[in-house]
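Listed below, chain by chain, are the residues.
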Amino acid sequence: MSGIGHVPSSTGPENGDVTEETIFTALLEDSAEDLYENAPCGYLSTLLDGQIAKVNTTLLRWLGYTRDDLVGRRRFADLLTVGGKLYHETHFAPLLRMQGEIGGVALELRAADGSQLPVLVTSTVKNSADGRPLLIRTTIFDARDRRTYERELLRARQEADLERERLQSLVATLQRTLLPPTLLTVPGLETAAYYHTASSDQLGGDFYDLFPLGDGRWGVFLGDVAGKGPDAAAVTSLTRYTLRAAAAYDPDPVAVLGNLNAVLRQEYSSDDPRYCTVIYGLLVPDGDGFTATLASGGHPAALLLRADGTADYQFTPGGLLVGILPDARFTATTVRITGGDTLLLYTDGLTEALTDVAAGARYGDEALLAFAADLAPTTASGAIRAVTDLLAAFGEGVEDDTAALALGVPASLIQEPT
C-alpha cells in the first residue's frame, strides 16, 4: 500500500479472523452521509430566516420527530422553549448575524412528546464565494449528562455552604465563650474592648478579661495562644481559668505568670508544647487614678496614651513566652494612669497586619506608636474606635485575630488645684 502503509494485523487471516487492516479499511470506506446522519451530535441546516432545510437522524431520534415534521415546516426557534425563543431573538440571532458564528450556548429543545432536552448549540453562517450569507449550520450536543452533573454540583455546593454556615455559627458561639460577654464596671475607670476575627471558620487564640480581686484591686489580662482551632481554644480556656485562679491566690503579676507557665508545662508534654503570649496587670486605685503593675510573657508592650498628648510603650524586658521553658523568668513594670490617660493592650495581629499585601509590608511597632501619639489624648472608647477603624482600613491585610483592650481614667477625675 502506498501513502498509508501496511497496518499489521493482530491475528492471522486464517479461520476468517478479522484483522486490524480489515477494520482500518472499513473505517476508510465509511460514507460521509452516514457520518453526518449518525454522528454523536445533532446537525441542523437552516435558511437565514431559521427555516429548517436539513437535519440529521441523530437529532430526529433525540427529539422524536420525523424528517417531514421539520424540514420545510419548522424554524429552529420553533424547537426552543419559551425562554429559549426569547434568548434566541434577543441575543443568539443578533450575535450570529454580527459575528458570523456563536458557540457553546446552553438552550433547551422541546421534543415531540413535550419533554425538554438540554443542549449546547454552536452555529456558523455559510457564505457564498462573494461573501453573501447563504445558510446557517448548527451543531447540537446533548447536555443531559452535563445538566445532571451541574445539578449535583449545585446540590453539593449548597450542602457545603450550609455546613460552612453551621461551622461559622459554632465557631462564633465557641469564640464568645472564650471572652467575657461584657467588661465589668470599674469605679473611676472607663473600659472598652474589641475582638477582630480574621477567619469565620477557625477559632482564634486571642483572649482578654477584667475581674475584681477584692480591696478595690482589679486583675486584667490580654494574650494570644499559639495556633488556631479546637486545640488553641482548649489552651485559651485553660489559660483564662489559670490566670484568674492564680491571681486569686497571689495577685502579684510575676507570680501569676509563673503559675501559668507551670500549669502549661504540666498539662502539655515537652514533645507537644502549648504556649502563649500574655500581659497581666494588677490595677490598684491610687488617688486620682490607678497604679498598674504589668508583667509580660513575650507579649507586645502596652501603650500609654497620656493626657498631655504623648504616647509611649511600657516595656517589661526579659519576659519569655509562657509555657516553653520550665524556669521561665518574668519581670514587671509599674505605670500610673491618671485623669486623661489611657492604657492600650493589644495582640500582635494589629502590628503584623499587612499594609501592602503584594509587597508583604507590615504595619509594625513604630507605625502603631505614631498612630497612638496622633490619637492622644483620648478615652478608652475613643482608642478602641480608632483601632477598630484602623483594622477595617487594612481589609484583607489582617491575617490574624486581633484583640484590643483599653483602660482609661476620665479627665474629669483630674483634681483642680486649690
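Being a predicted model, the structure only gives us computed values, none of them experimental.

*Asks:* Please give an account of helix α7 (residues 229-249) that cites residues and values.
*Replies:* The first and last C-alpha atoms of α7 sit 30 Å apart over 21 residues, in line with the 30 Å expected at 1.5 Å per residue. Burial in α7 covers these residues: Gly229, Ala232, Ala233, Val235, Thr236, Thr239, Arg240, Thr242, Leu243, Ala246 and Ala247.

*Asks:* Talk me through the confidence of the model for the protein; I want residue IDs and the actual numbers.
*Replies:* On average, residues of the protein score 86 in pLDDT, and 87% of them are at 70 or above. Across residues 1-13, confidence stays below pLDDT 50; counting only partners more than four residues off in sequence or on other chains, it has 17 contacts. Taken together, the stretch residues 413-418 has pLDDT below 50 and engages in four contacts with residues farther than four places along the chain or on a different chain.

*Asks:* Which residues make up the layout of surface pockets, and what values do they have?
*Replies:* Considering only enclosed or pocket space, the largest pocket measures out at about 280 Å³ in volume. Elements that contribute at least two residues to the lining of the largest pocket include exactly α5 (82-99), β4 (116-127) and β5 (133-142). Counting residues per element, the lining of the largest pocket draws most heavily on α5, which supplies five residues. When grouped by side-chain class, the residues that make up the lining of the largest pocket number nine nonpolar, five polar and three charged. In this structure, the second largest pocket occupies an estimated 220 Å³ of space. In this structure, the second largest pocket is lined by Ser296, Gly298, His299, Pro300, Ala301, Tyr313, Phe315, Thr316, Pro317, Tyr346, Asp348 and Asp365. Of the residues that constitute the lining of the second largest pocket, the class distribution is six nonpolar, four polar and two charged.

*Asks:* Residues and numbers for the packing of α7 against helix α8 (residues 253-267), please.
*Replies:* At a minimum axis separation of 9 Å, α7 and α8 run at an interaxial angle of 140°. Taken together, the axes of α7 and α8 lie oblique to each other. Seen along the crossing, α7 lies across α8 with a hand that is right-handed. Across from Val235, Leu238, Thr239, Thr242, Leu243, Ala246, Ala247 and Tyr249 in α7, the residues of α8 making contact are Val256, Leu257, Asn259, Leu260, Val263, Leu264 and Glu267.

*Asks:* Explain α8 residue by residue, including any values.
*Replies:* Compared with the 21 Å implied by 1.5 Å per residue over 15 residues, the 21 Å span of α8 between its first and last C-alpha is a close match. The complete set of buried residues in α8 reads Pro253, Val256, Leu257, Leu260, Asn261 and Leu264. For α8, the angular spread of buried residues about the axis comes to 135°, placing them on one side.

*Asks:* Can you tell me about the packing of aromatic side chains, naming the residues and giving the values?
*Replies:* This structure, assessed with the given rule, holds five aromatic pairs. Taken together, a centroid distance of 5.6 Å and an interplanar angle of 45° make the contact between Tyr313 and Phe315 tilted. The exposed category is assigned to Phe315, whose relative accessible area is 55%. Following the ring pairs from residue to residue traces out a cluster consisting of Phe207, Phe211 and Phe221. One cation-aromatic arrangement involves Lys54 over Tyr36; the distance from NZ or CZ to the ring centre is 4.5 Å.

How each quantity is defined
- Residues numbered from 1 in each chain as written.
- Predicted model: local features only at pLDDT ≥ 70, side-chain atom pairs only at ≥ 80, totals over all residues.
- Heavy atoms only, no water.
- Helix = DSSP H or I, 4+ residues; strand = E, 2+ residues; numbered from the N terminus.
- Expected span 1.5 Å × (residues − 1).
- Buried < 20%, exposed > 50% of the residue type's maximum accessible area, 1.4 Å probe, protein only.
- pLDDT = per-residue confidence, 0-100.
- Contact = heavy atoms within 4.5 Å.
- 1 Å grid on protein atoms, 1.4 Å probe; cavity = no way out; pocket = protein on both sides within 12 Å on 5 of 7 lines; lining within 4 Å.
- Points joined across faces, edges and corners; volume = space filled by probe spheres on them.
- Nonpolar A, V, L, I, M, F, W, Y, C, P; charged D, E, K, R; others polar.
- Axes fitted to C-alpha atoms, helices over the stretch in contact; angles between N-to-C directions.
- Parallel < 35°, antiparallel > 145°, perpendicular 65-115°, else oblique.
- Left-handed = near helix turned anticlockwise from the far one by under 90°.
- Arc of directions from axis to C-beta.
- Phe/Tyr/Trp six-rings, centres within 6.5 Å; stacked < 30°, edge-to-face > 60°.
- Lys NZ or Arg CZ within 6 Å of the ring centre and 35° of its normal.

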